[in-house]
Amino acid sequence: MANLLRPATWGLFSWRGYCSRGTQGRLSAGFVEALKAIVGSPHVSTAAVVREQHGHDESMHMCQPPDAVVWPQNVEQVSQLAALCYGQGVPIIPFGTGSGLEGGVCAVQGGVCVNLIRMDRILELNPEDFSVVVEPGVTRKALNTHLRDCGLWFPVDPGADASLCGMAATGASGTNSVRYGTMRDNVLNLEVVLPGGRQLHTAGRGRRFWKSAAGYNLTGLFVGSEGTLGLITAATLRLHPVPEATVAATCAFPTVQAAVDSTVHILQAAVPVARIEFLDEVMMDACNRHSKLNCYVAPTLFLEFHGSEQALAEQVQRTEEVIRHNGGSHFSWAKEAEERSRLWAARHNAWYASLALWPGCKGYSTDVCVPISRLSEILVQTKEDLEAWRLTGSASLPRAPGAGRGGAGAAALSFGPPGTVVGHVGDGNFHCILLVDPEDPEELLRAQAFAEQLGRSGRSGRRGGAAGRGARGEGAPAERPFRLPPRRALALHGTCTGEHGIGLGKRQLLLEEVGVVGMETMRQLKATLDPRGLMNPGKVL
């Protein structure tokens, strides 16, 4: 049985239709029957279309389907599946909603995809302790709908309606992290099925304390482990009171520098802002078009404040003073829930708004985070480099009627979008969304070169090989070395990924970020928990 599977190659391809058919082995009929005996025949599939649906996420990584997909209904079935697969040398790939952006669900060695979405119960709610226990199929929207009448909510919001245990596995964050923290700050306990089938409760069975000094932090070990150490089958999460009042706002700035300076100054003024998001002028125009907004087309901040009516008045006043001092204008306040929802829906749909700029293009999203003091430097430089490289070509982009008013930023759009920039700038995290033509090999090479250079601090920006030769756009300055966002991020004491994770594409960057000893320590932990290397192989390390 150990020879049931053959390794598969992986990489970046222009669209998901390029599945690695024929490169992976097939499970024996006896093994498939054993899977059915555990979860039932209706909950096992080896159909090609189902396997392909589970061989990719939202990234541009090549679709690599598993050999079988199973849908367990409880933790006992997950334990039995893990024991069966591990005993037979079959890789195990956890699957939630498939909304990741780093190829974390690609079955690079085939194996069994364990789709946990049908384990969707809210097991326990403790309002007095501000905690809840959820199974892996519960999404953040479903949880907040369930909590609607008890005055509590779960604030971690990555945009997509992701599964909460999947969010824990990837260390997700999002728009509210500047006020409420990331998944690492809001997971109290995890139930994990280890390779081989044993069940682990990382903080002890049933425990939901907010702090502890007892032993190693096993919960923190599994948050962000991306399915490489075990399958998360339940999560105990920290809840927060719903704020008494909420107000959102947008404001435009003459430059990227002014918008980022305002962000830093707002935080330095100790304003407890709940959300503070940056959109460059290209992204703002895209959101106007896609979500039918009418915002001024310029570098823009989206903000939100939570608190009592009196506290909000003070926060808004101090924020306005900071913004006006930095040249901000075109304030628009949204106090009603419907207005706020429309605004944040537009922000959450920024990915799709970018793709809609050029129908037929595919998107590639980078993800870096730097200390807040270096945010202005990296954002301004990245914006200049994106415009120089012209990663989406130079064709004109016609303006849609009523797409928004504009100044200098709007005029620049007539040359075609060089990629968009959007970010959770309140904690130093931002994304570049690159639009690439899947029929243009040179453009794909430029995008890949951008990705390959994501975090190499302190080296020359010029690289050899095909990717290096095709990397520079026609208008890129030749007289200065090029250092892309994650390259800059590491050089500025930041990280190559603020929230998307390592997955397939950032393993080399992880080495450069944590160093040889750091990687050796991680490999030792992996070898201890997964000595056969069968848990989501090919990811992170």
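Everything quoted here is computed from the prediction, not taken from an experiment.

A.B. asks: So what's going on with the sheet that holds strand S6 (residues 131–134)? Which residues, and what values?
C.D. replies: In space, the five strands of this open sheet follow the order S5-S6-S10-S8-S9, with antiparallel pairing throughout. Looking at strand neighbours, the two that pair on one side only are strand S5 (122–126) and strand S9 (199–201), the edges of this open sheet. For this sheet, the mean angle separating the axes of adjacent strands, direction not counted, is 10 degrees. Judged from the four bridges that link them, S5 and S6 form a sheet pairing that is antiparallel. Across the sheet, the residue bridging to Leu125 is Val132, located in S6. The strands touched by helix H3 (residues 75–87) within the sheet are strand S8 (187–193), S9 and strand S10 (231–238), with S8 carrying the most contacts at an inclination of about 50 degrees.

A.B. asks: Talk me through the nonpolar core; I want residue IDs and the actual numbers.
C.D. replies: Counting 38 residues, the largest nonpolar core has Leu301 and Leu379 as the members making the most contacts within it. When contributions to this core are tallied by element, the ones reaching two or more residues are strand S12 (245–252), helix H9 (256–268), strand S13 (275–279), strand S14 (300–307), helix H11 (309–325), helix H14 (375–389), strand S19 (429–436) and helix H16 (441–452). Sorting elements by how many residues they give to this core places H9 first, with five residues. Counting 28 residues, the second-largest nonpolar core is a separate cluster that includes Val134, Leu143, Leu164 and Ala172.

A.B. asks: I'd like to hear about the packing of helix H1 (residues 29–39) against H3, residue by residue, with values.
C.D. replies: Remark: H1 packs on H3, axes separated minimally by 9 Å, with the N-to-C direction vectors making an angle of 165 degrees. In terms of axis orientation, H1 runs roughly antiparallel to H3. Handedness of the H1/H3 crossing: right-handed. Of the residues in H3, those touching H1 at Phe31, Ala34, Leu35, Ile38 and Val39 are Gln77, Gln80, Leu81, Leu84 and Cys85. The class makeup of the residues in the contact of H1 with H3 is eight nonpolar, two polar and no charged.

A.B. asks: Before we move on, can you summarise the pairing of S8 with the specific residues and values?
C.D. replies: Burial analysis of S8 places seven of its seven residues in the buried class, which makes it a mostly covered element. Relative to S10, S8 runs antiparallel, the two being bridged by six bridges. Following the sheet pairing, Val192 is matched in S10 by Ile232. Direction of pairing for S8 relative to S9: antiparallel, over a ladder of three bridges.

A.B. asks: Quick rundown of the environment of Val70? Include the residues and the values.
C.D. replies: Along the chain, the position of Val70 falls in strand S2 (residues 68–70). Separated by 30 residues in the primary sequence, Val70 and Gly40 place their C-alpha atoms 9.3 Å from one another. In this view, Val70 contacts Leu35, His43, Val44, Leu81, Val112, Cys113, Val114 and Asn115; residues no more than four positions away in its chain are not counted.

A.B. asks: Any chance you could break down the confidence of the model for the protein chain for me, citing the residues and the numbers?
C.D. replies: Here the protein chain shows a mean pLDDT of 84. Residues at 70 or above account for 82%. When the criterion is pLDDT under 50, residues 407–417 qualifies, and its contacts beyond four places in sequence or with other chains add up to 26 contacts. Throughout residues 454–483 the model reports pLDDT below 50, and contacts reaching past four residues in sequence, or to other chains, amount to 68 contacts.

A.B. asks: I'd like to hear about the sheet that holds S2, residue by residue, with values.
C.D. replies: Strands sit in the order S1-S2-S4-S3 across an open sheet of four strands; the sheet is mixed. Two strands bound the open sheet, and with one partner strand each, they are strand S1 (44–45) and strand S3 (92–95). Of the pairings in the sheet, the one linking S3 to strand S4 (residues 112–115) comprises four bridges and is parallel in character. Pairing of Ile92 across the sheet is with Val112, part of S4.

A.B. asks: Tell me about the pattern of salt bridges, and name the residues and values.
C.D. replies: The final tally for this structure, using the stated rule, is 13 salt bridges. Close ionic contact of Glu277 with Arg347 constitutes a salt bridge, the shortest N to O distance being 2.8 Å. One end of the pair, Glu277, is in strand S13; the other, Arg347, is in helix H12 (residues 337–348), with 70 residues separating them in the sequence. The same class applies to Glu277 and to Arg347, which are both buried. Note that Asp285 is salt-bridged to Arg289, the shortest N-O span being 2.6 Å. Taken as a pair, Asp285 and Arg289 lie in helix H10 (residues 281–291) at a separation of four residues, close to a single helical turn.

A.B. asks: Got a sec to walk through the packing of aromatic side chains? Specific residues and values, please.
C.D. replies: With the rule as written, the count across this model stands at four aromatic pairs. Residues Phe331 and Trp333 carry aromatic rings whose centres are separated by 6.1 Å and whose planes lie at 10 degrees to one another, so their mutual orientation is stacked. Owing to a relative accessible area of 21%, Phe331 belongs among the partly exposed residues under this scheme. For Trp333, a relative accessible area of 26% corresponds to the partly exposed category. Residue placement shows Arg238 over the ring face of Trp210; its charged tip is 3.7 Å from the ring centre. Sitting over the ring of Trp344, Arg275 keeps its end group 4.5 Å from the ring centre.

A.B. asks: Break down unusual backbone geometry for me, citing the residues and quoting the values.
C.D. replies: Positive phi values are uncommon outside glycine, yet Glu226 reaches one of about 60 degrees. Within the secondary structure layout, Glu226 lies in the loop between helix H8 (218–222) and S10. In this structure Glu226 comes out as buried when scored by relative accessible area, which is 12%. Despite not being glycine, Ala270 shows a phi value in the positive range, around 65 degrees. Its location among the elements puts Ala270 in the loop between H9 and S13. Judged by relative accessible area, which is 57%, Ala270 ranks as exposed.

Conventions and cut-offs
- Residues numbered from 1 in each chain as written.
- Predicted model: local features only at pLDDT ≥ 70, side-chain atom pairs only at ≥ 80, totals over all residues.
- Heavy atoms only, no water.
- Pairing = 2+ DSSP bridges.
- Helix = DSSP H or I, 4+ residues; strand = E, 2+ residues; numbered from the N terminus.
- Axes fitted to C-alpha atoms, helices over the stretch in contact; angles between N-to-C directions.
- Contact = heavy atoms within 4.5 Å.
- Core = buried A, V, L, I, M, F, W, Y, C linked by side-chain atoms within 4.5 Å.
- Buried < 20%, exposed > 50% of the residue type's maximum accessible area, 1.4 Å probe, protein only.
- Parallel < 35°, antiparallel > 145°, perpendicular 65-115°, else oblique.
- Left-handed = near helix turned anticlockwise from the far one by under 90°.
- Nonpolar A, V, L, I, M, F, W, Y, C, P; charged D, E, K, R; others polar.
- pLDDT = per-residue confidence, 0-100.
- Salt bridge = Lys/Arg side-chain N within 4 Å of Asp/Glu carboxyl O.
- Phe/Tyr/Trp six-rings, centres within 6.5 Å; stacked < 30°, edge-to-face > 60°.
- Lys NZ or Arg CZ within 6 Å of the ring centre and 35° of its normal.

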